Amino acid sequence: MTDTSQAADKAKIHEGKEADHHPYFRPRDAATLILVDRSGAIPKVLVGKRHDKVVFMPGKFVFPGGRVDKDDYRVQCAAPITAELEANLAKGSPKTPASRAKSLAIAAIREACEETGLCLGRKAEVKTKLEGAWKPFADAGLLPDPSSLFLIARAITPPGRVKRFDTRFFTADASAITHRVDGVIHADAELVELVWVELGSKPLADLHPMTRNVLNELDARLATGPLRHDAPVPFFHFYGGKMQKDILS
């Protein structure tokens, strides 16, 4: 291979696009949490504005989320995930085992607390021993509580990306927020601003296309009344170079 060809391949990788001969990357589990405030006539969702100097999506509005940590399934919780949520997370092929389902739900809560300072938890009956990213829960005498989560959609980053994620999008009502950590949002943080915005408003028009797809699914669900676990869960993925939407079963 010539130096010119090698340089071109490296450029593609730096842009987030693999060279055609690059080995297949297996998507990593990730979770996103969309918090919803339904106290007004039009539902609002919480979005954070990313710092202008971050590499990925600078200055864009995003929902809190990130990769599942290897220890997420070990975290002590105030309550288990509901049987209905576990069943929804198990759908698809291959089936998702219970420990992995818990990891996905707990990751959504952890990422939301880390990035926004908003924690979904419940008072612990005994002193908690949570550390690291979970210290805000321990300081407040809380344990994470995934019982309020609903699965809205699943989406996999298309092939040909250096970083690929198999993301489960969860939602929960704003009333599930039981603790706020001060100082998480500031001018030098990953998220510099938090905003509750009405569905259909301008800030949401600039979201990543896949995130807009998921938000449309949430909007349609909210229009029918209270969230339910028995609603169809869409699965967005790419096949033959095109985005496909299936229903998990």
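In what follows, the structure referred to is the one given above.
Keep in mind that what you see is a predicted model, and the values were worked out from it rather than measured.

Peer 1: I'm lost on the overall build of the protein in this one. Help?
Peer 2: For the protein, the count of helices and strands is 6 helices and 13 strands. Out of the 249 residues in the protein, the part that is buried amounts to 45%. When contacts within the protein are restricted to residue pairs at least 6 apart in sequence, those whose partners lie at least 24 apart make up 66%. Of the accessible surface of the protein, which amounts to about 13500 Å², a share of 53% is contributed by carbon and sulfur atoms.

Peer 1: Can you help me understand helix H6 (residues 209–223) in this one?
Peer 2: The periodicity of an α-helix, 3.6 residues per turn, causes residues three or four positions apart to be oriented the same way. Between the first and last C-alpha of H6 there are 21 Å, a value that for 15 residues agrees with the 21 Å anticipated at 1.5 Å per step. Every buried residue belonging to H6 is among Met 210, Thr 211, Val 214, Leu 215, Glu 217, Leu 218, Arg 221 and Leu 222, and all of these are buried. Looking straight down H6, one finds its buried side chains confined to an arc of 155°; they lie on one side. Among the exposed residues of H6, those oriented more than 90 degrees off its buried face are Asn 216 and Ala 223. Following H6 by one or two positions, Gly 225 has its phi on the positive side, about 125°.

Peer 1: How should the layout of surface pockets be read in this particular structure?
Peer 2: Empty space among the atoms becomes visible once a probe the size of a water molecule is rolled across them. Quantified by volume, the second largest pocket comes out at close to 320 Å³. Lining the second largest pocket are 13 residues, and of these Pro 94, Arg 100, Arg 154, Ile 156 and Asp 166 sit closest to its centre. Those elements that provide at least two residues to the lining of the second largest pocket are strand S1 (28–37) and strand S8 (150–156). The residue makeup of the lining of the second largest pocket, split by class, is 4 nonpolar, 3 polar and 6 charged.

Peer 1: How do you make sense of the packing of aromatic side chains when you look at a structure like this?
Peer 2: Any two aromatic rings considered together are summarised by their centre-to-centre distance and by the angle between their planes. In total, this model carries 1 aromatic pair according to the counting rule given. Both rings, one in Trp 134 and one in Phe 137, keep their centres 5.2 Å apart while their planes meet at 55°; by these two values the pair is tilted. Trp 134 sits in the buried class, given a relative accessible area of 6%. Sitting above the plane of the Phe 235 ring, Arg 154 keeps its charged end 5.0 Å from the centroid.

Peer 1: Whenever I open this one, the pairing of strand S2 (residues 44–50) confuses me. Can you help?
Peer 2: The two faces of the sheet receive side chains in turn, since in a regular strand these alternate between them. A large share of S2 lies buried, amounting to 5 of its 7 residues. Examined bridge by bridge, S1 and S2 share 2 bridges and lie antiparallel to one another. The residue bridging Asp 37 from the neighbouring strand is Lys 44, located in S2. The turn linking S1 back onto S2 is made up of 6 residues.

Conventions adopted
Residues numbered from 1 in each chain as written. Predicted model: local features only at pLDDT ≥ 70, side-chain atom pairs only at ≥ 80, totals over all residues. Heavy atoms only, no water. Helix = DSSP H or I, 4+ residues; strand = E, 2+ residues; numbered from the N terminus. Buried < 20%, exposed > 50% of the residue type's maximum accessible area, 1.4 Å probe, protein only. Contact = heavy atoms within 4.5 Å. Areas by Shrake-Rupley, 256 points an atom, 1.4 Å probe, with all protein chains shown as cover. Expected span 1.5 Å × (residues − 1). Arc of directions from axis to C-beta. 1 Å grid on protein atoms, 1.4 Å probe; cavity = no way out; pocket = protein on both sides within 12 Å on 5 of 7 lines; lining within 4 Å. Points joined across faces, edges and corners; volume = space filled by probe spheres on them. Nonpolar A, V, L, I, M, F, W, Y, C, P; charged D, E, K, R; others polar. Phe/Tyr/Trp six-rings, centres within 6.5 Å; stacked < 30°, edge-to-face > 60°. Lys NZ or Arg CZ within 6 Å of the ring centre and 35° of its normal. Pairing = 2+ DSSP bridges.

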